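# Structural overview
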Amino acid sequence: MLAFSLTGCAGKNTSGVSSKEKSDSLKIGYLPSPGHLLYFVAQEEGMFKDEGLNTELVMFGENNSELAALESGKIDVGAFGSSELVTYLGDGHEITVFGGAMIAGHGLIVKPELVEGIPEENWSLDLLKGKNIGVEGVDSGYIVYRSAAKKMGLENSIDFSIFADGADAYNSLKNDDIDAAILYAPYRILAEDEGYVILSNSGTVSGFEDHVCCRQASLTSSLEKDPDTYEAFLRALIRAYRFYKTEPDKTIKDIQKYVDVDEGSLKKDTYDYDSQIANPDPDITGMTNFYDALVDTGFVNEFDISQGLSAELYDKALNAVVAEDPDDEVYKYLLDYHKERDK
């Protein structure tokens, strides 16, 4: 477990200077997805600036290149896929998951002829027996549906074709060899807008309700060296979450600056498909459950995942924000969520 020196009052760094009086630079890696909206809102609505952070958002097309950029020092922090993070931790990389970003946010998209004439209440993975599903690497959605297929005894009846990134997986639907694809937002809404069908959304799959997806992670050494900067970063994301829950129209406009999708489709993808598509909580319970799924499906060997997970900075950041407005209903929800998910 990561150990921080967290002495002093909230909002103070080790030199005793308020984090709001300094300007710490952070390069933040992101994917152009509504699931990374906490960054977009915090950047556009001034939450990062209010915390004294000088932030630059750096776009990536997929998780592995983003993780490589983190280790090479090209970015300081980012939201990375939970599956990729578990794999990295299992390989001994010195990174720590310390916050949350995306929740669920994937859809199992099929060609319309696959469900033609079948009542929606009868839609299930059984329809994909003998079929081929395109996926973006070993991402969160893939693990959810691969695990579900195993539980249903379909593991050897469904083929999965791995593509380099979300765009390739999305375009795979046009391939005659592919019958379906597992797509994260916004590709799932783009596919639906083109006439494909969302068979199910990943956050509704039994055992994976509101599952973890992208998580905040940084080099362990960076968090140990400057915990105050990363605590300020988390405070900004917590306030951005409140904005997302209370200001949907403004949130969509913020997201659209980073995700090139029309407002109507973007709002549907962000607010209608999942109970929530973003949450700043590290969700240690959810990450441990995802680790178990990766071990069960044979993607990683057993190791001590707890060494790469920490809720310590988030706990301090959340309590500091709540102390400023203890009656706020959104912050009360985050407190309850934190108590339940970070035991």
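The structure this text deals with has already been given above.
Nothing here was measured: the structure is a model prediction, and the numbers come from that model.

Let us now look at empty space enclosed by the protein. Over the atoms, a rolled probe matching the size of one water molecule traces out where space is still vacant. Under the counting rule described, the total for this entry stands at one cavity of 30 Å³ or more. What the largest cavity holds in volume is close to 70 Å³. Every residue along the wall of the largest cavity is listed here: L31, N63, G81, E84, M102, H106, E136, D139, S140, Y184, C213 and C214. Considered class by class, the residues forming the lining of the largest cavity number five nonpolar, four polar and three charged.

Take the layout of surface pockets next. The computed volume of the largest pocket comes to approximately 230 Å³. Lining the largest pocket are 13 residues, and of these L125, Y145, M152, S200 and V205 sit closest to its centre. For the lining of the largest pocket, the elements supplying multiple residues, two or more each, are helix 5 (140-151) and strand 9 (197-201). With three residues, the single largest contributor to the lining of the largest pocket is helix 5. The residue inventory of the lining of the largest pocket, partitioned by class, reads eight nonpolar, four polar and one charged.

Time to look at the packing of aromatic side chains. The tally for this structure, following the rule as stated, stands at 16 aromatic pairs. For the pair Y333 and Y337, a centre-to-centre distance of 5.8 Å together with 45° between the ring planes defines the contact as tilted. Here the residue Y333 and the residue Y337 both occupy positions in helix 14 (residues 329-341), the gap between them amounting to four residues, near one helical turn. Among the residues examined, Y333 registers a relative accessible area of 34% and is labelled partly exposed. For Y337, a relative accessible area of 11% gives the class buried.

Thresholds, definitions, all that
- Residues numbered from 1 in each chain as written.
- Predicted model: local features only at pLDDT ≥ 70, side-chain atom pairs only at ≥ 80, totals over all residues.
- Heavy atoms only, no water.
- 1 Å grid on protein atoms, 1.4 Å probe; cavity = no way out; pocket = protein on both sides within 12 Å on 5 of 7 lines; lining within 4 Å.
- Points joined across faces, edges and corners; volume = space filled by probe spheres on them.
- Nonpolar A, V, L, I, M, F, W, Y, C, P; charged D, E, K, R; others polar.
- Helix = DSSP H or I, 4+ residues; strand = E, 2+ residues; numbered from the N terminus.
- Phe/Tyr/Trp six-rings, centres within 6.5 Å; stacked < 30°, edge-to-face > 60°.
- Buried < 20%, exposed > 50% of the residue type's maximum accessible area, 1.4 Å probe, protein only.

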